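Descriptive analysis of the structure
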Amino acid sequence: MDLPTVEAMVPGDEADWRPGDCWLAGGTVLFSRPQQGVRRLRDLTVLGWPSLAAADDEGRPGLDIAATCTVATLARYRPPARWPDLAVAIRRCCDAFLASWKIWNVATVGGNLCAALPAGPMISLAAAFDARCDVRRLSGERRLVPVDAFVVEPGVAALQPGEYLHAIHLPERELTGRIAVRRASLHPLGRSAAFVTGHLDVESGRLRLTVTAATPRPVTVSVPAPTAAASLVDMVDAQVSAEGWHDDVHGLPAWRRHMTLRLVEQVRADLLGAAR
Ligand SMILES: Cc1cc2nc3c(=O)[nH]c(=O)nc-3n(C[C@H](O)[C@H](O)[C@H](O)COP(=O)(O)OP(=O)(O)OC[C@H]3O[C@@H](n4cnc5c(N)ncnc54)[C@H](O)[C@@H]3O)c2cc1C
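As the structure is a prediction and not an experimental result, all values here were calculated from the model. (Residues numbered from 1 in each chain as written. Predicted model: local features only at pLDDT ≥ 70, side-chain atom pairs only at ≥ 80, totals over all residues. Heavy atoms only, no water.)

In this section: the environment of Arg268. Within the fold, Arg268 resides in helix α9 (residues 253-275). For Arg268 and Glu153, which are 115 residues apart along the polypeptide, the C-alpha to C-alpha distance reads 27 Å. Leaving out residues up to four positions away in the same chain, Arg268 has contacts with Thr227, Ala228, Ala229 and Leu232. (Helix = DSSP H or I, 4+ residues; strand = E, 2+ residues; numbered from the N terminus. Contact = heavy atoms within 4.5 Å.)

The next thing to look at is the side chain of Thr215. Locating Thr215 in the fold gives a position in the loop between β13 (207-212) and β14 (219-223). Reaching out from Thr215, the side chain makes a polar contact with the backbone oxygen of Arg217 at a distance of 2.8 Å. When neighbours within four sequence positions are excluded, Thr215 is seen to be in contact with Pro118, Val240, Gly244 and His246. (Polar contact = N/O pair within 3.5 Å; in protein donor to acceptor, adjacent residues only side chain to side chain.)

Applying the stated criterion across every chain yields a total of 20 salt bridges. Linking Arg40 and Asp21 is a salt bridge whose minimum nitrogen-to-oxygen distance equals 2.8 Å. Pair noted here: Arg40 is in strand β3 (residues 40-43) and Asp21 is in strand β2 (residues 21-24), with a separation of 19 residues, a long-range link. Asp21 shares its class with Arg40; the two are buried. (Salt bridge = Lys/Arg side-chain N within 4 Å of Asp/Glu carboxyl O. Buried < 20%, exposed > 50% of the residue type's maximum accessible area, 1.4 Å probe, protein only.)

When the domains of the protein are assigned, the result is domain 1 (8-40), domain 2 (52-171) and domain 3 (179-275). Each of domain 1 and domain 3 was reduced to a C-alpha centroid, and the two centroids are 35 Å apart. (Domains from an automatic or database assignment.)

Another aspect to go through is the sheet that holds β14. The pairing of strands in a sheet happens through backbone hydrogen bonds and is either parallel or antiparallel. Spatial ordering of the open sheet is given by β11-β12-β13-β14, a layout of 4 strands whose pairing is antiparallel. Both edges of this open sheet fall to β11 (178-184) and β14, since each of them pairs with a single strand only. When strand polarity is set aside, the average angle formed by the axes of neighbouring strands in this sheet is 15°. Bridge count for β11 against strand β12 (residues 194-200) is 7 bridges, and the pairing is antiparallel. Residue pairing in the sheet places Val181 in a bridge with Thr197 of β12. Packed onto the sheet, helix α8 (residues 229-243) meets β13 and β14 and runs at close to 150° relative to β14. (Pairing = 2+ DSSP bridges. Axes fitted to C-alpha atoms, helices over the stretch in contact; angles between N-to-C directions.)

A word on α8. In this model α8 runs 21 Å from its N-terminal to its C-terminal C-alpha over 15 residues, within 8% of the 21 Å that 1.5 Å per residue would give. Inspection of α8 places Leu232, Val233, Val236, Asp237 and Val240 among the buried residues, and these make up the whole buried set. Seen along its axis, α8 keeps its buried residues to an arc of 135°; they face one direction. Counted as exposed and oriented over 90 degrees from the buried face of α8: Ala230, Asp234, Ala238 and Ala242. Gly244 occupies a position one or two residues after α8 and carries a positive phi of about 110°. (Expected span 1.5 Å × (residues − 1). Arc of directions from axis to C-beta.)

Spelled out as structure tokens, the structure:
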């Protein structure tokens, strides 16, 4: 839709931050609803950040995904063999978008995290690898925020005025682990209503499960070694129930809880099978 209050579009790195400024990436969320009070769009896509970089800079080996990397570019990425489950995890999460290739070609990974929707599949992907969000200010100050702290509540990310998401860092150690992904929705091409990712650290045996889509924000449960299915289900149930199950047109809370707990069992079985 038109955004009639917008007076100008400027490059994202324009020095002065003004009231009414708003970051623009692919625009698939921004242009889908009225944006009261937005005066200038600050275009991040013109800044030429490399979409994907297997990095070992500053002692942070792993993969950096630029916030401006499109879903289509991410889906085409072919990771090195030392990251055994990354390609499948990317594909499963990209496929979880209730969107056509036209959206894939403009929607960005960073825009998905910043939109902070419960069904944000790039949030699920980042959480699966315990990613760090590289948040910056125009002055160059920088902080790293765990993805489950970056998403605060539906539609709200942990960004102060003038801060932007520059990249998502997937640590090397996490990338070498085994990953399982399961999702449920009300119909085959429906928006995700329950999404469970599991990560098994093959060296230490630590198991981490993250629930998204069924919850307003990511909820993570981590155990030092694979645990019996029933107790893992109980742990997830207790933790999510304490924070609350999400409720919207894509599924009732009781159904989301039922599906999530089934997916937890399946993810656990997938991971133990992969480890064998
Ligand atoms: C048909 C269709 C289906 C969709 N299906 C899904 C779905 O299943 N799940 C889902 O989660 N979403 C879905 N979306 C919404 C949207 O396409 C995605 O969330 C997409 O990833 C948003 O990225 P974008 O680059 O278009 O963000 P934009 O619209 O450009 O930005 C979204 C918000 O984030 C802010 N922002 C963007 N990038 C940054 C940054 N780097 N730093 C700081 N702030 C930033 C913007 O100011 C804006 O507030 C769908 C959209 C359509 C049209």
